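A closer look at the structure
The residues making up each chain are set out below.
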Amino acid sequence: LINDMFGSGLSEDLIHCLHAVAVYAPSQQSIIEDRLLQEVSLCLAGTPSANSICDPLSAYNEEIEDDFVVEVPRIQINMSDKKETVKRIVLSLRTLGSFGDSSGTVTTSNRVLPLLPFVRDVAARYLAHPSSEVRREAALTCCSLLVAREVDTNPSTSMVTRKTSSHRTILVQLLGSESGRVTEDVIGRLLQVAVSDPSPVVRLCVVRALDYRFDPF
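First things first, this report covers the structure right here in the doc. What you see is a predicted model, and the numbers here were worked out from it, not measured in a lab. (Residues numbered from 1 in each chain as written. Predicted model: local features only at pLDDT ≥ 70, side-chain atom pairs only at ≥ 80, totals over all residues. Heavy atoms only, no water.)

**Brief notes about the overall build of the protein chain**
Defined as follows: We count a stretch as a helix when DSSP gives it H or I for four or more residues in a row; a strand needs E for two or more, and each element gets its number in order from the N terminus. Exposure is judged per residue with a 1.4 Å probe applied to protein chains only, and the accessible area is read against the type maximum: over 50% gives exposed, under 20% gives buried, and values in between give partly exposed. Contacts were defined at the residue level, with two residues in contact if any of their heavy atoms lie within 4.5 Å. Note on areas: Shrake-Rupley with a 1.4 Å probe; residue coverage comes only from the protein chains shown.
Across its full length, the protein chain carries 10 helices and 2 strands. Element order for the protein chain, N to C, with α for helix and β for strand: α-α-α-α-α-β-β-α-α-α-α-α. A burial count over the protein chain gives 41% of its 217 residues as buried. When contacts within the protein chain are restricted to residue pairs at least 6 apart in sequence, those whose partners lie at least 24 apart make up 70%. Accessible area for the protein chain stands at about 12200 Å²; split by element, carbon and sulfur atoms hold 52% of it.

Right, dumping it as structure tokens:
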């Protein structure tokens, strides 16, 4: 049933419908996220093999038999500025930005996937798209997924304490690691957009999105 719902491609109505299904049938959530990620990858990267982008090592067999190796899919960034294409790209970027848990991963029907490789190799490349609407959504998506969302269940904790704790956690978990290098790389691209993008709306959007969570960088 879930696969049949994607027959007409990604749309706002489909996303709302899938959200309702996930709420009333939690057991289907991983299947829904898997299919959504495939659809987003098809639009943004030209391939439904999001798994191979998020986890490149999964593209190879651990034991190679008969010299057979599965090739990593080629990423194709859609630079068309046609109205309908821009609409699909923006929706796909927005959908991508809604993925991920507090650890920056998404759970599909097969495995837990890190999203940072997809952000760097796909989403961040849309910061150079000819459409300012796409560049703006790409910036928001990157900022949303680069740093894990905060989860604070203690209402008595002050904002200053939460920020300090969050910064310390980021420093310990990211800086010096491969994830930290990927994050710094994408932040560098975002800063270039904040300084040189021809659209003042996009520049302001990036400046506002790079909030205190990014201070350690």
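**Quick look at the packing of helix 3 (residues 29-45) against helix 5 (residues 83-97)**
Quick note on the threshold: For helices, the fitted line uses only the C-alpha atoms of the stretch in contact; every axis is such a line through C-alpha atoms, and the angle between N-to-C directions lies from 0 to 180 degrees. Should an angle fall under 35 degrees it is called roughly parallel, over 145 degrees roughly antiparallel, and 65 to 115 degrees roughly perpendicular, with every other angle called oblique. Handedness of a helix crossing follows the sense of rotation of the near helix relative to the far helix, less than a right angle counterclockwise being left-handed and clockwise being right-handed. Gly is put with the polar residues, along with every residue not named as nonpolar or charged; the nonpolar set is Ala, Val, Leu, Ile, Met, Phe, Trp, Tyr, Cys and Pro, and the charged set is Asp, Glu, Lys and Arg.
As a packed pair, helix 3 and helix 5 sit with axes 9 Å apart at the nearest point and diverge in direction by 140°. Put simply, helix 3 runs oblique to helix 5. Handedness of the crossing formed by helix 3 with helix 5: left-handed. Contacts between helix 3 and helix 5 involve Leu36, Leu37, Val40, Cys43 and Leu44 from the former and Arg88, Ile89, Ser92, Leu93, Thr95 and Leu96 from the latter. Its residues assigned to classes, the contact of helix 3 with helix 5 shows 8 nonpolar, 2 polar and 1 charged.

**Notes on the packing of helix 7 (residues 132-146) against helix 10 (residues 200-209)**
One way to put it is that helix 7 packs onto helix 10 with a least axis distance of 9 Å and a crossing angle of 5°. Taken as axis vectors, helix 7 and helix 10 run roughly parallel relative to one another. Counting all contacts with helix 7, which are made through Ser132, Arg135, Arg136, Ala139, Leu140 and Cys143, the residues of helix 10 involved are Val201, Val202, Cys205, Val206 and Ala209. In terms of residue class, the contact of helix 7 with helix 10 is built from 8 nonpolar, 1 polar and 2 charged.

**A few points about helix 10**
Quick reminder of the rule: By arc we mean the arc of the directions from the helix axis to the C-beta atoms, nothing more.
Considered for burial, the residues of helix 10 that qualify are Val202, Cys205, Val206 and Ala209. Buried residues of helix 10 fall within an arc of 95° about the axis and therefore sit on the same side. The exposed residues of helix 10 that point more than 90 degrees off its buried face are Pro200 and Arg208.

**Observations concerning the environment of arginine 208**
Of note, arginine 208 is situated in helix 10. Spatially, the C-alpha atoms of arginine 208 and alanine 194 are 9.7 Å apart, while their sequence positions differ by 14 residues.

**Topic: the side chain of aspartate 197**
Convention followed: Throughout this description, a polar contact denotes any pair of N or O atoms lying within 3.5 Å of each other; where both atoms belong to protein, one of them has to be capable of donating a hydrogen while the other can accept it, and for residues adjacent in sequence the pair is counted only when both atoms sit in side chains.
Along the chain, aspartate 197 falls in the loop between helix 9 (178-196) and helix 10. Under the relative-accessibility criterion, aspartate 197 is labelled buried at 6%. A polar contact is formed between the side chain of aspartate 197 and the backbone nitrogen of serine 199, at a distance of 2.8 Å. Residues within four places of aspartate 197 in sequence aside, it is in contact with Arg135, Gln192, Val202 and Arg203.

**Observations concerning the nonpolar core**
Going by this rule: Grouping buried Ala, Val, Leu, Ile, Met, Phe, Trp, Tyr and Cys residues that are joined through side-chain atoms within 4.5 Å yields what is termed a nonpolar core.
Formed by 54 residues in total, the largest nonpolar core has its most connected members in Leu44, Leu96, Tyr126, Leu146 and Leu190. Mapped onto this core, the elements with two or more residues apiece are helix 2 (12-24), helix 3, helix 4 (50-54), helix 5, helix 6 (116-121), helix 7, helix 9 and helix 10.

**Here we look at the packing of aromatic side chains**
Here is the rule we go by: Here a pair means two rings of Phe, Tyr or Trp (six-membered ring of Trp) with centres within 6.5 Å. Their orientation is stacked below 30 degrees between planes, edge-to-face above 60, and tilted elsewhere. Counted as over-ring charges are cases with an Arg CZ or a Lys NZ within 6 Å of the ring centre that also lie within 35 degrees of the ring normal.
Inspection of every chain in the model, using the stated rule, returns 0 aromatic pairs. Note that arginine 35 overlies the ring of phenylalanine 6, its terminal NZ or CZ placed 4.3 Å from the centroid.

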